[in-house]
Amino acid sequence: MEVLHRLARNLTSLVVALITVLSSAAALHAQDEIGIPRGAAPEPVTIEDLDGQPVDLRQWIGQKPVLLEFWALWCENCEALLPRMREAHARYGDDVEFIAVSVGVNQTPRRIRRHLEKHPIPFRVLWDGQGKATRAFLAPITSYVVILDSAGRVVYTGAGPDQNIDAAIQRVLAAATSAGTE
């Protein structure tokens, strides 16, 4: 059974790696054009924390806006995007739930924990070792960001280091404010 579990995990990692490699350079800089379509309500999935405990994304989706970044230690675009993510978290962290979804390609929860001890990030990091969130959000590449509104609908997708995270969050918060005053 353990052999089958490892084989399934390796196959999932291979599929995610293949998707990452096949993503075009244009997709790296595309905004609102990649992955899950805007307006979609992705299936909330259960992934894991870095200690292997199950974490159901439903506890945040549909409660308030949620920003998910599909992230990896080895992702140069993720590293380049990190200052913008930190700034956005500092500014909007009370109003938006920030979650880094660590993809299970060429990394382990243990390596991620060690990395975060030396290079902490100010928001939750979860483990998608089986690719459940990657599939549910149609994540084509790492540094892929999805922002959901408070109803759980996709309002933004983008990838690469040049995303204007601040403007995307301002849009979702402004929309929520206008909906609340109508």
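Residues numbered from 1 in each chain as written. Predicted model: local features only at pLDDT ≥ 70, side-chain atom pairs only at ≥ 80, totals over all residues. Heavy atoms only, no water.

Draft legend 1. Structural detail: the packing of aromatic side chains. In total, this model carries three aromatic pairs according to the counting rule given. Between phenylalanine 70 and phenylalanine 137 the ring centres are 6.0 Å apart and the planes differ by 50 degrees, which places this aromatic pair in the tilted class. On the criterion of sequence distance, the pair formed by phenylalanine 70 in strand E3 (residues 66-71) and phenylalanine 137 in the loop between helix H5 (132-136) and strand E6 (144-148) is long-range, its members being 67 residues apart. Here phenylalanine 70 and phenylalanine 137 have matching classes, each one buried. Centre to centre, the rings of phenylalanine 70 and tyrosine 144 are 5.7 Å apart; their planes meet at 40 degrees, and the pair counts as tilted. Taken as a pair, phenylalanine 70 in strand E3 and tyrosine 144 in strand E6 lie far apart in primary sequence, 74 residues in all. The class of phenylalanine 70 is buried, set by a relative accessible area of 0%. Feature note: the residues Phe70, Phe137 and Tyr144 constitute an aromatic cluster, connected by ring pairs. (Phe/Tyr/Trp six-rings, centres within 6.5 Å; stacked < 30°, edge-to-face > 60°. Helix = DSSP H or I, 4+ residues; strand = E, 2+ residues; numbered from the N terminus. Buried < 20%, exposed > 50% of the residue type's maximum accessible area, 1.4 Å probe, protein only.)

Draft legend 2. Summary view of the pairing of E6. Among the five residues in E6, five count as buried, and that is most of the element. Here E6 shows no split at all, with Tyr144, Val146 and Leu148 on one side and Val145 and Ile147 on the other all buried. Of the strand pairs in this sheet, E3 and E6 are connected by five bridges, and their pairing is antiparallel. Counterpart to glutamate 69 in the pairing with E6 is valine 145. By the bridge criterion, four bridges tie E6 to strand E7 (residues 154-158) in an arrangement that is antiparallel. Opposite valine 145, over in E7, you have glycine 158 as the bridge partner. (Pairing = 2+ DSSP bridges.)

Draft legend 3. Seen up close, the environment of lysine 64. Mapped onto the fold, lysine 64 is located in the loop between strand E2 (54-56) and E3. The exposure class of lysine 64 is partly exposed, given its relative accessible area of 25%. In this structure the C-alpha to C-alpha distance between lysine 64 and leucine 173, which are 109 residues apart in sequence, comes to 9.6 Å. Excluding residues within four positions of it along the chain, lysine 64 makes contact with Gly93, Asp94, Asp95, Val96, Glu97, Asp149 and Ser150. In terms of polar contacts, lysine 64 uses its side chain to reach the backbone carbonyl oxygen of aspartate 94, at 3.4 Å. (Contact = heavy atoms within 4.5 Å. Polar contact = N/O pair within 3.5 Å; in protein donor to acceptor, adjacent residues only side chain to side chain.)

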